[in-house]
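# Summary of the model geometry
Letter by letter, the chains look like this.
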Amino acid sequence: MDLEAPVDAWYVWFGVSAASVVIAGVVLGLPTGPPPDANGAGNSIDRISGSPYSASTVHEHDADEFRLQEGTGLELRNEHGRAHSSLAYGTVVLVTDDERLENVTYGDSFGDEFESELEREDVDATAEFLGRINESHGTTDDEWYPAGDRFVVRTVTVKPDDVTARPRVTAEVVDGLGEPNTGFATDIRFEYDGDGSEQADISVVGQGYGEEEDVERRGSTWFRDGADSMMFSLENTSSVSEPLDLTVDFDDVTCEATTVSEFEEEVVLCEGTDPEDADQIANETTQITVDETTGEYRVTLVVAE
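Residues numbered from 1 in each chain as written. Predicted model: local features only at pLDDT ≥ 70, side-chain atom pairs only at ≥ 80, totals over all residues. Heavy atoms only, no water.

## Quick look at the overall build of the chain
In terms of helices and strands, the chain carries 7 helices and 17 strands. Within the chain, buried positions represent 42% of all 305 residues. For the chain, the accessible surface area stands at approximately 17200 Å², while carbon and sulfur atoms represent 45% of it. (Helix = DSSP H or I, 4+ residues; strand = E, 2+ residues; numbered from the N terminus. Buried < 20%, exposed > 50% of the residue type's maximum accessible area, 1.4 Å probe, protein only. Areas by Shrake-Rupley, 256 points an atom, 1.4 Å probe, with all protein chains shown as cover.)

Right under this line is the structure:
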């Protein structure tokens, strides 16, 4: 009996062995789990973005990293792969490294978080808030970030802030009565730098010439748009002695300096402010929408934790 295997059996054995190795390799190369559920996360974000009211949610996920793309795309990835979801409203901004925006996303009111700005007449609190969103979008858009275990999503609506731009107003006593100067002012130059032409009422208070009590000298003028100045002149017998109280009163702003006692020295009555323009910031950030009826600003913020 011949027990020796035929030659072609070795070829069969080798072929089967090689195929087994290939199949095993393919099996080992297959993913052991699914990629993240980008559609589920995107649907949660869309429900909040599309709500007609301020709304929030928390969405748990199994992604390791994620990124937002121009507020219209969400991409997640983990060890098993990556997945993409389109966002319907395009008003979504990722917040990182901004504690105040994060606090608002977690539920603090805009009024509480930006209370100090809202209390100031020369600062636009809404513009400050929107500016931070604009900066956050510019930093985070299309960049991968750790996804944590869940997304906190909140749509925020804020009203325009009622803020007044202040012109810069200075004054200088440029001439007085007598040589050497006796301390009675006869000529005071007021300088203005602001947006728009404005009418102003001017008041100068000090001890009157030949009098024992303080007196008030009044006048009015128009300051032209941009940089302008006017000379407030008094007759010798109407001059007033230092220290002086100087006031320039506009329709919505009062500028003043008290106890002015130096001649030929500029004093500041209004520092001048030019608050940021909330509308301009919103126009620069497509993720911020504006309600044409109410003027309110609306945006959806996302924090990963």
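## Some thoughts on the nonpolar core
The nonpolar side chains of soluble globular proteins are, as a tendency, buried together. Within the largest apolar cluster, 27 residues are counted, with the highest numbers of intra-cluster contacts made by Ile188, Phe190, Leu246, Val248 and Leu269. Secondary structure elements with two or more residues in this core: strand E8 (168-176), strand E9 (184-194), strand E10 (198-208), strand E11 (214-223), strand E12 (226-233), strand E13 (240-249), strand E14 (254-260) and strand E15 (267-270). Leaving out residues up to four positions away in the same chain, Ile188 has contacts with Ala171, Glu172, Val173, Val204, Met230, Met231, Phe232, Leu244 and Leu246. Counting 21 residues, the second-largest nonpolar core is a separate cluster that includes Val95, Phe110, Ala125 and Val156. (Core = buried A, V, L, I, M, F, W, Y, C linked by side-chain atoms within 4.5 Å. Contact = heavy atoms within 4.5 Å.)

## Observations concerning the state of the cysteines
Per the stated rule, a full pass over the model turns up 1 disulfide. In this model Cys255 forms its disulfide with Cys270; the gap between the sulfur atoms is 2.0 Å. Note on the Cys255 and Cys270 pair: the S-S dihedral is about -95°, so by sign convention the disulfide is left-handed. Linking Cys255 in strand E14 with Cys270 in strand E15, this pair joins segments that are 15 residues apart in sequence. (Disulfide = S-S within 2.5 Å.)

## A closer look at helix H2 (residues 38-49)
Between its first and last C-alpha, H2 extends 16 Å over 12 residues, near the 16 Å set by a 1.5 Å rise per residue. Of all 12 residues in H2, 9 are buried, a share of seventy percent or more. Burial in H2 covers these residues: Ala38, Gly40, Ala41, Gly42, Ser44, Ile45, Asp46, Ile48 and Ser49. Looking at the buried residues of H2, the elements they touch are strand E1 (55-60), strand E3 (73-78), strand E4 (81-86), strand E5 (92-94), strand E7 (150-158) and strand E17 (297-304). Measuring from the side-chain oxygen of the N-cap residue of H2 to the backbone nitrogen of Asn39 gives 3.4 Å; that N-cap residue is Asp37. (Expected span 1.5 Å × (residues − 1). Polar contact = N/O pair within 3.5 Å; in protein donor to acceptor, adjacent residues only side chain to side chain.)

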